[in-house]
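Here is how the chains run, residue by residue.
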Amino acid sequence: MPFYRMRQRFKREYAWEVSSSTINDWFVAVCTLLRPLYDHMREKILESGYIQADESHIKVQDNKKEKTTHRGFQWVYHGVEEKLILFHYRKGRGKHGPKEFLRDYQGWLQVDGYGVYDKIGAQKGIDLMGCHVHVRRKFYEAKEYDQKRAKHALEVYRQLYDIETQCRNMSSEQRHEYRNEHSRPILEGFKKWLDEEAVRVLPKSPMGNAIRYAIRQWHKTIRVLEDGRLEMDNNLVENKIRPLALGRKNYLFAGSHDAAQRIAMMYSFFATCKANEVNPYEWLKVTLDKIPDHPVNRLNELLPTKIAIKEESA
């Protein structure tokens, strides 16, 4: 909620007029208190061994040019097994943001087809894995122009996701075996079909684009068969970005680059609360009460997880 709407609400419901600068000071103070926990979440995600990443734009007020905004980006990193989500603001969409964030990371990195990630994936110790939903989406978008081929590709993905439903609750080892038994033949047949159809369609047609994209991403998407922990797609992290789109409609822009990073912090905490089915208000109330005197080496106790809230409730 933007500050001006908070002011309106305070005046309407409590007959209390408070300035935007006062509310901003509160927000800065809260983020300052929570910064060590945010940094700890970052460390936990980088230790996880399996991260999904995505990015989305945010408008930021340009203090150098009156009545203009800068197009910044919130990069989002999801530690899948830990259910930790971290938003990290950067001024641009270039490789410098994720390169800096993932500098010391070792493990799986699941992303869409954005070229910057290929450069990050070239770092030693990073295993780049693709997203099948983005491949499927291309064929869905092309079905109006080439129903026959689109229908075939979408049927392939229906079968693959039916298999995912069957193995959803298996252990990672069991899921790895199940996929290689059931999904591998389907994927190998799909790749053969892609190669055959690539020379039969117009390269710049919607179907040609869909087939080319699928082939270009193949070396990354096929890696879902290598590890049972991996998801077929990046939907888990894409879903975490949706509140950012809602926020853009509410507050339109961040007041500064520092404000955009503070917004990133709060999105990180509340997205993690949602992922762990934790009440964000209760978590924040408990955390703000504890964190001023909390030992730095025990910050894990304050992470927005079910365990932390259950222990507090007990």
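Located above this text is the structure these notes cover.
Anyway, here's the lowdown on the structure attached to this text. If you're wondering where the values come from, they're calculated on a predicted model, not measured in any experiment.

Considerations on the nonpolar core
Buried together is how nonpolar side chains tend to be arranged in soluble globular proteins.
Alright, step 1. Counting 34 residues, the largest nonpolar core has Leu 37, Tyr 77, Leu 102, Leu 109 and Phe 269 as its most contacted members.
Alright, step 2. Elements with a contribution of two residues or more to this core: helix 2 (20-46), strand 1 (50-61), strand 2 (69-79), strand 3 (84-90), helix 4 (115-121), strand 5 (126-129), helix 10 (257-275) and helix 11 (280-290).
Alright, step 3. Here this core gets six residues from one element, more than from any other, and that element is helix 2.
Alright, step 4. Every residue in contact with Leu 102, bar those within four places of it in the chain, is listed here: Leu 46, Ile 51, Tyr 77, Leu 109, Ile 120, Gln 123 and Ile 126.

Comments concerning the packing of aromatic side chains
Geometry of an aromatic ring pair is reported as the spacing of the ring centres plus the angle between the planes.
Alright, step 1. One pass over the full model with this rule turns up 16 aromatic pairs.
Alright, step 2. Arranged with centres 5.9 Å apart and planes meeting at 85°, the rings of Tyr 114 and Tyr 117 form a pair that is edge-to-face.
Alright, step 3. Among the residues examined, Tyr 114 registers a relative accessible area of 21% and is labelled partly exposed.
Alright, step 4. Plain terms: the ring middles of Phe 190 and Trp 218 are 6.3 Å apart, the flat faces sit at 55° to each other, and that makes the pair tilted. Here Phe 190 is found in helix 7 (residues 172-198), whereas its partner Trp 218 is found in helix 8 (residues 206-221), with 28 residues between them in sequence.

Section: the packing of helix 2 against helix 10
Alright, step 1. Orientation of helix 2 relative to helix 10, taken along the N-to-C sense of each, is 60°, at an axis distance of 9 Å. In terms of orientation, helix 2 and helix 10 fall into the oblique class. The two elements helix 2 and helix 10 meet at a crossing, and its hand is left-handed. Contacts between helix 2 and helix 10 involve Asn 24, Phe 27, Val 28, Cys 31, Leu 34, Arg 35, Leu 37, Tyr 38 and Met 41 on the former and, on the latter, Gln 261, Arg 262, Ile 263, Ala 264, Met 265, Met 266, Ser 268, Phe 269 and Thr 272.
Alright, step 2. Broken down by class, the residue content of the contact of helix 2 with helix 10 amounts to twelve nonpolar, four polar and two charged.

Some details on the pairing of strand 3
Each regular strand carries side chains that alternate between the two faces of the sheet.
Alright, step 1. With six of its seven residues buried, strand 3 lies for the most part within the structure.
Alright, step 2. When strand 2 meets strand 3, the two strands line up antiparallel, connected through seven bridges. Note on strand 3: the bridge partner recorded for Trp 75 is His 88.
Alright, step 3. Between the end of strand 2 and the start of strand 3, which pair antiparallel, lie four residues, with Lys 83 showing a positive phi angle near 55°.

With respect to the pattern of salt bridges
Alright, step 1. One pass over the structure, following the stated rule, counts 24 salt bridges.
Alright, step 2. Of the charged contacts in the structure, one is a salt bridge between Asp 127 and Arg 223, with a shortest N-O distance of 3.7 Å. Of this pair, Asp 127 sits in strand 5 while Arg 223 sits in the loop between helix 8 and helix 9 (235-251), and the two are 96 residues apart along the sequence.
Alright, step 3. Residue Asp 127 is classed as partly exposed on the basis of its relative accessible area, which comes to 31%.
Alright, step 4. Note on Arg 223: relative accessible area 19%, which makes it buried.

Details of the pairing of strand 4 (residues 107-110)
Alright, step 1. Sheet topology note: the strand 1/strand 4 ladder contains three bridges and is parallel. Among the inter-strand pairings, Gln 52 is bridged to a residue of strand 4, identified as Gln 110.
Alright, step 2. Relative to strand 5, strand 4 is paired through four bridges, and the arrangement is parallel. Bridged to Trp 108 within strand 5 is Asp 127.

Some remarks on unusual backbone geometry
Alright, step 1. Here Ala 15, not a glycine, exhibits a phi torsion of approximately 50°, which is positive.
Alright, step 2. Position of Ala 15 relative to the elements: it lies in the loop between helix 1 (3-14) and helix 2.
Alright, step 3. Look at Glu 277: it is not a glycine, yet its phi comes out positive at around 55°.
Alright, step 4. Relative to the elements of secondary structure, Glu 277 occurs in the loop between helix 10 and helix 11.

Some remarks on the side chain of Ser 205
Alright, step 1. Its place among the elements puts Ser 205 in the loop between helix 7 and helix 8.
Alright, step 2. Judged by its relative accessible area of 18%, Ser 205 falls in the buried class.
Alright, step 3. Of note is the side chain of Ser 205, whose polar atom sits 3.0 Å from the backbone nitrogen of Gly 208.

Comments concerning the sheet that holds strand 2
Hydrogen bonds between backbone groups are what pair the strands of a sheet, and the pairing can be parallel or antiparallel.
Alright, step 1. Pairing in this open sheet of five strands is mixed, and the strands run 3-2-1-4-5 from one edge to the other. If you trace the sheet from one side to the other, it starts and ends with strand 3 and strand 5, each paired once. Each neighbouring strand pair of the sheet contributes to a mean axis angle of 30°, computed without reference to strand direction.
Alright, step 2. Contacting strand 1, strand 2 and strand 3, helix 2 crosses the sheet at an angle of about 110° to strand 3.

Looking at a positive patch on the surface
Alright, step 1. Residues Lys 138, Lys 204, Arg 212 and Arg 216 make up a contiguous surface patch of positive charge.
Alright, step 2. In this fold, Lys 204 is placed in the loop between helix 7 and helix 8.

Here is what the cut-offs are and how they apply
- Residues numbered from 1 in each chain as written.
- Predicted model: local features only at pLDDT ≥ 70, side-chain atom pairs only at ≥ 80, totals over all residues.
- Heavy atoms only, no water.
- Core = buried A, V, L, I, M, F, W, Y, C linked by side-chain atoms within 4.5 Å.
- Buried < 20%, exposed > 50% of the residue type's maximum accessible area, 1.4 Å probe, protein only.
- Helix = DSSP H or I, 4+ residues; strand = E, 2+ residues; numbered from the N terminus.
- Contact = heavy atoms within 4.5 Å.
- Phe/Tyr/Trp six-rings, centres within 6.5 Å; stacked < 30°, edge-to-face > 60°.
- Axes fitted to C-alpha atoms, helices over the stretch in contact; angles between N-to-C directions.
- Parallel < 35°, antiparallel > 145°, perpendicular 65-115°, else oblique.
- Left-handed = near helix turned anticlockwise from the far one by under 90°.
- Nonpolar A, V, L, I, M, F, W, Y, C, P; charged D, E, K, R; others polar.
- Pairing = 2+ DSSP bridges.
- Salt bridge = Lys/Arg side-chain N within 4 Å of Asp/Glu carboxyl O.
- Polar contact = N/O pair within 3.5 Å; in protein donor to acceptor, adjacent residues only side chain to side chain.
- Patch = residues over 30% accessible without salt bridge, like charges linked within 9 Å, V, L, I, M, F, W, Y side chains within 5 Å.
- Areas by Shrake-Rupley, 256 points an atom, 1.4 Å probe, with all protein chains shown as cover.
- Lys, Arg positive; Asp, Glu negative; His and termini not counted.
- Charge placed at Lys NZ, Arg CZ, Asp CG, Glu CD.

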